[in-house]
Amino acid sequence: MKFLCLLVLCVVSTAVAHTVRTKDDLASYRQECGSENNLTEEELTKIKKGEVTNDEKTRCYVRCVGKKFEVFEDDKGVNVDKTLHQLENANKEFTTDVLREKILKCVDSTMDKKDDNCTWAFAVFGCFKQEKLKLVQE
């Protein structure tokens, strides 16, 4: 019984360890990742409007934002638990089970892209967009 309680405590602690990021965090990460990937203000403005082009700079920008949100890791791809924790707050119209299912669908459908981290992250977040998943609460 003590082991079960300890196990539950560890799982809860791990899930809570991820800090839910906000719109302000997203704005900051967009600027940082835009600079790191040499995007112009015009390119960043287009991305903010949802006009995303599939080029190397943009793919790596998306990877950078995912890493700053701590939902994407180069060696593992999507951290499902942290992603779920992040998305629950911004996607209240979906149950936790439905969100997890959508995340796993996107993870599974992009595994063929994992040879290039930028392409992989871009594909995952493209899938999230198709699934109508928001990264932050509006």
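Residues numbered from 1 in each chain as written. Predicted model: local features only at pLDDT ≥ 70, side-chain atom pairs only at ≥ 80, totals over all residues. Heavy atoms only, no water.

*Asks:* Describe helix α7 (residues 117-130), with residues and values.
*Replies:* Between its first and last C-alpha atoms α7 spans 20 Å; for 14 residues at 1.5 Å apiece the expected length is 20 Å, and the two agree. Two residues or fewer after α7 comes lysine 132, characterised by a positive phi angle close to 60 degrees. (Helix = DSSP H or I, 4+ residues; strand = E, 2+ residues; numbered from the N terminus. Expected span 1.5 Å × (residues − 1).)

*Asks:* Account for the pattern of salt bridges, naming residues and giving values.
*Replies:* Within this structure, the stated rule accounts for 15 salt bridges. Via salt bridges that share partners, Arg21, Glu70 and Lys82 belong to a single interconnected network. (Salt bridge = Lys/Arg side-chain N within 4 Å of Asp/Glu carboxyl O.)

*Asks:* With reference to specific residues and values, describe the packing of aromatic side chains.
*Replies:* Each aromatic ring pair is summarised here by two numbers: the centre-to-centre distance and the angle between the ring planes. Tallying each qualifying case throughout the model produces three aromatic pairs. Ring geometry for tyrosine 29 against phenylalanine 69: centres 5.3 Å apart, planes inclined by 80 degrees, an arrangement best described as edge-to-face. Of the two residues, tyrosine 29 is situated in helix α2 (residues 23-36) and phenylalanine 69 in the loop between α4 (56-68) and β1 (72-73); the sequence distance between them amounts to 40 residues. Comparing tyrosine 29 with phenylalanine 69, the two get one shared label, buried. For the ring pair phenylalanine 125 and phenylalanine 128, a centre distance of 5.3 Å and an interplane angle of 85 degrees mean the geometry is edge-to-face. Note that phenylalanine 125 and phenylalanine 128 are positioned in helix α7 at a spacing of three residues, about one turn of the helix. (Phe/Tyr/Trp six-rings, centres within 6.5 Å; stacked < 30°, edge-to-face > 60°. Buried < 20%, exposed > 50% of the residue type's maximum accessible area, 1.4 Å probe, protein only.)

*Asks:* Outline the environment of valine 136, listing residues and values.
*Replies:* Within the element layout of this structure, valine 136 appears in the segment after α7. Taking the C-alpha atoms as reference points, valine 136 and lysine 23, 113 residues apart in sequence, are found 6.0 Å from one another. When sequence neighbours within four positions are dropped, the list of residues in contact with valine 136 reads Arg21, Thr22, Lys23, Leu26, Phe69, Gln86 and Ala90. (Contact = heavy atoms within 4.5 Å.)

*Asks:* Report on the packing of helix α5 (residues 80-90) against helix α6 (residues 96-109), specifying residues and quantitative values.
*Replies:* One way to put it is that α5 packs onto α6 with a least axis distance of 10 Å and a crossing angle of 130 degrees. Here α5 is positioned oblique relative to α6, judged by the angle of their axes. Two packed elements cross with a definite hand, and for α5 against α6 that hand is right-handed. Here Val80, Asp81, Thr83, Leu84, Leu87 and Glu88 of α5 come into contact with α6, specifically with Thr96, Leu99, Arg100, Ile103, Leu104 and Val107. In terms of residue class, the contact of α5 with α6 is built from seven nonpolar, two polar and three charged. (Axes fitted to C-alpha atoms, helices over the stretch in contact; angles between N-to-C directions. Parallel < 35°, antiparallel > 145°, perpendicular 65-115°, else oblique. Left-handed = near helix turned anticlockwise from the far one by under 90°. Nonpolar A, V, L, I, M, F, W, Y, C, P; charged D, E, K, R; others polar.)

Without other data, these values stay purely geometric and don't point to any function.
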